[in-house]
Amino acid sequence: MVLTTTATFSTPQAQRMAFEQQLSAAVETGKPLFLHCRDAFTDFHDMLAPVIADGARGVVHCFTGNRVEAEAFLAMGLDIGITGWVTDLQRGQALSGFAAPDAPCSMRHITRARVEQFGWP
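Quick look at the structure, then. (Residues numbered from 1 in each chain as written. Predicted model: local features only at pLDDT ≥ 70, side-chain atom pairs only at ≥ 80, totals over all residues. Heavy atoms only, no water.)

## Thoughts on the nonpolar core
Counting 23 residues, the largest nonpolar core has L33, L35, L48 and F73 as the members making the most contacts within it. For this core, the secondary-structure elements that each account for two or more residues are α1 (12–29), β2 (33–38), α2 (41–53) and α3 (67–75). (Core = buried A, V, L, I, M, F, W, Y, C linked by side-chain atoms within 4.5 Å. Buried < 20%, exposed > 50% of the residue type's maximum accessible area, 1.4 Å probe, protein only. Helix = DSSP H or I, 4+ residues; strand = E, 2+ residues; numbered from the N terminus.)

What follows is the structure, encoded as C-alpha cells:
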C-alpha cells in the first residue's frame, strides 16, 4: 500500500481513495499492512490512525522519513524498516544514530516467531 506526493502516476485524491480501500481490505481479511509512505506523512498517519485503533498491525517498509515520523509510527504500534539509504549523507541524516546495525529492524533480528506473528509465509 502506497501513499506518495512525489509520484505522478495518479492524483493525490485517487491515491487516497485507493489507500482507503486497501486499508479496509486489510482490516476485513485480518492481513498485516505492508506500507510505503513517500513525502505524505500527515495524510498517511491520519488515514492509518483509525485502522490501527481497530487492531490492524504492520510495517512501514523502506522508511525515509525523519525521527519524529518514525517515533509516531512506532507509537502506533507499527514497525518500521530502515534500509541502507540511512547512510546517505544528504537523505539519511534525519535518522542518523536512530537505527544501529543490530537494531530490531535489521535482517538478523527478524525471527521465525516474528514472521509467524504477522502470518507471513
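Past the structure itself, the notes keep going.
## Quick look at the packing of aromatic side chains
Tallied over the full model, the rule gives 4 aromatic pairs. When the ring of F19 is compared with that of F44, the centres are 5.1 Å apart and the planes differ by 20 degrees; the resulting orientation is stacked. Note that F19 is positioned in helix α1 and F44 in helix α2, a separation of 25 residues in sequence. The exposure class of F19 is buried, given its relative accessible area of 0%. Aromatic side chains F63 and F73 sit 6.1 Å apart centroid to centroid with 90 degrees between the ring planes, which places their arrangement in the edge-to-face category. Here F63, found in the loop between β3 (58–60) and α3, pairs with F73, found in helix α3; they are 10 residues apart in sequence, far enough to count as distant. Judged on exposure class, the residue F63 and its partner F73 are both buried. (Phe/Tyr/Trp six-rings, centres within 6.5 Å; stacked < 30°, edge-to-face > 60°.)

## Focus on α3
Buried residues of α3: E69, A70, A72 and F73, and no others. Considered in projection along α3, the buried side chains sweep an arc of 160 degrees and stay on one side of the axis. Structural note: α3 exposes V68 and A75 on the side pointing more than 90 degrees away from its buried face. Of the surrounding secondary structure, the elements contacted by the buried residues of α3 are α2, β3 and β4 (79–80). (Arc of directions from axis to C-beta. Contact = heavy atoms within 4.5 Å.)

## Let's talk about the packing of α2 against α3
Contact geometry for α2 and α3: axes closest at 12 Å, N-to-C directions at 5 degrees. With respect to α3, the axis of α2 lies roughly parallel. Contacts between α2 and α3 involve F41, F44, H45 and L48 on the former and, on the latter, E69, A72 and F73. Of the residues in the contact of α2 with α3, the class split is 5 nonpolar, 1 polar and 1 charged. (Axes fitted to C-alpha atoms, helices over the stretch in contact; angles between N-to-C directions. Parallel < 35°, antiparallel > 145°, perpendicular 65-115°, else oblique. Nonpolar A, V, L, I, M, F, W, Y, C, P; charged D, E, K, R; others polar.)

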